[in-house]
Amino acid sequence: MIELFYTLKFRIGCNKLCSAWNHILDYMFCKLYPKYSKLIRVENGLNHEPRKEKVIVSLTSFPARLNVVHYGIKALMCQTYKPDRIILWLTEEECKDIVIPSELEELCKYGLEIKYASENLRPHNKLYYTLQENADAVVISVDDDNVYSLKLVEKLMAAHEKYPNYICCNMAHEITLKNGAPDKYDNWNGGAIGKSGVSDLFVALGVGGVLYPAGCFDKEYFNKKLIKDLALTADDIWLKFTELRMGIKVLKISPHTKIPFVIGGTQKIALGKENNGMKKNDIIINKLCNYYQQINWTKL
């Protein structure tokens, strides 16, 4: 069912008619998928064969979404390319009095790992702690409110095999420059529609699934004080500045992308709305530009 709906879905950047069709599909998917998910079997959701590189899918969640996050994780356990591990990060701060839903407990029997971060780094939780603990593994970050295509990992790994040192992503924004520096966030090329390949100006978006090569970042990426001072609510932007100062390339797999299906009711609390609606992204970008003045934007 999941791949059938993805086949019917149009890519980003279609006309109004296609957009309306996508909204209809989203509505139908959210109505049908919860019932269908009860039939999904996840006994063989992870890889158990030897591999050159281990592949970990990593995500984070919080109490308001714990009752629905299992929908997305089931799709991750049905991938055509099986990950070796799937790690769900929660925080001790938020979940000390929370009872884990039975649906998640059931998935743990088949390999899902639920870990607790001692310090809440908000959206950074989905990647930070997994990278810190698994420097020898490929890590794919995903969002907890999406049901992804069953070919997500396969496509990212195919790109990784061709470009093993690049960050590989399905979705990206493209930074636009003004007077030798990043323009306001709302003026960026949202979705980088029609563009693919490698660009220093691509900002990989976690919502589409992003692959990070083993051991790709240095100690400064893991500096909690800097994260909290400069970009606590904007992990994608923090990651971009890390990539720029380290000279790490970003590869956008396809010029045209299909937005993942969003699980119904999960968007009542969303960092994207907080950052964009209150223009916090511009504040964060300015802070990072002032701190990392060594980045020469005119040469990108």
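This section reports on the structure supplied with the text. Just so it is clear, the structure is predicted and the values come from calculations on it, not from any experiment.

### Some words on the packing of helix α9 (residues 235–246) against helix α11 (residues 280–291)
Consideration 1: The contact between α9 and α11 brings their axes to 10 Å, and the two run at 25°. The angle between α9 and α11 falls in the class roughly parallel. When the axes of α9 and α11 are compared, the crossing they make is right-handed. Contacts from Ile 237, Trp 238 and Phe 241 of α9 reach α11 at Asn 281, Ile 284, Ile 285, Leu 288 and Cys 289.

### A closer look at the pattern of salt bridges
Consideration 1: Tallying each qualifying case throughout the model produces 18 salt bridges.
Consideration 2: A network of salt bridges, in which partner residues are shared, links Arg 65, Asp 144 and Asp 145.

### Description of the sheet that holds strand β10 (residues 197–198)
Consideration 1: Spatially, β3-β2-β1-β4-β12-β6-β13-β10 is the arrangement adopted by the 8 strands of the open sheet, whose pairing is mixed. At either end of the open sheet lies a strand with only one pairing partner, and these are β3 (112–117) and β10.
Consideration 2: Bridge count between strand β1 (residues 54–60) and strand β2 (residues 85–91): 5 bridges; the pairing is parallel. Pairing of Ile 56 across the sheet is with Arg 85, part of β2.
Consideration 3: The sheet contacts of helix α3 (residues 69–76) involve β1, β2 and β3, and relative to β1 the element is tilted by about 165°.

### Things to note about unusual backbone geometry
Consideration 1: In this structure, Arg 122 takes a positive phi of about 55° despite not being glycine.
Consideration 2: For Arg 122, the position within the fold is in the loop between β3 and α6 (125–133).
Consideration 3: Looking at Arg 122, the relative accessible area reads 32%, which means it is partly exposed.
Consideration 4: Of note, the phi angle at Ala 192 is positive, near 45°, even though the residue is not glycine.

### Considering the packing of aromatic side chains
Any two aromatic rings considered together are summarised by their centre-to-centre distance and by the angle between their planes.
Consideration 1: Under the criterion given, the structure shown has 18 aromatic pairs.
Consideration 2: Between the aromatic rings of Phe 29 and Phe 261, the centroid separation amounts to 4.2 Å while the plane-to-plane angle is 10°, which identifies the pairing as stacked. Remark: Phe 261 occurs in strand β14 (residues 261–262) and Phe 29 occurs in helix α2 (residues 16–37); sequence separation between them is 232 residues. Comparing Phe 29 with Phe 261 shows no difference in burial state: the two are buried.
Consideration 3: Summarising the aromatic geometry, the rings of Phe 217 and Tyr 221 are spaced 4.7 Å apart at their centres and angled 35° between planes, so their arrangement reads as tilted.

Rules of the game
Each residue is numbered by its place in its chain's sequence as written, counting from 1. With pLDDT at 70 or above as the cut-off, local features in this predicted model cover only qualifying residues; side-chain atom pairs require 80 or more to be listed or tallied, and sums for whole chains, interfaces and linings still use all residues. Working from all heavy atoms in the structure, the side-chain values ignore hydrogens and water. The axes are straight lines fitted to the C-alpha atoms, using for helices just the contacting stretch, and the angles between their N-to-C directions are given from 0 to 180°. Counting from the N terminus, the helices are the DSSP runs of H or I reaching at least four residues and the strands are the DSSP runs of E reaching at least two. Between 65 and 115 degrees an angle is taken as roughly perpendicular, under 35 as roughly parallel, over 145 as roughly antiparallel, and anywhere else as oblique. The hand of a helix crossing depends on one turn: near helix anticlockwise from the far one by less than a right angle means left-handed, and clockwise means right-handed. Note on definitions: a residue-residue contact is assigned when non-hydrogen atoms from the two residues lie within 4.5 Å. A pairing counts as a salt bridge when a side-chain nitrogen of Lys or Arg comes within 4 Å of a carboxyl oxygen of Asp or Glu. The pairing criterion is simple: DSSP has to find at least two bridges between the two strands. Buried, partly exposed and exposed residues are distinguished by accessible area as a fraction of the type maximum, computed with a 1.4 Å probe on protein chains only: under 20%, between the cut-offs, and over 50%, respectively. Any pair of Phe, Tyr and Trp rings, taking the six-membered ring for Trp, is counted once the centres come within 6.5 Å. Such a pair is stacked with planes under 30 degrees apart, edge-to-face with planes over 60 apart, and tilted for the rest.

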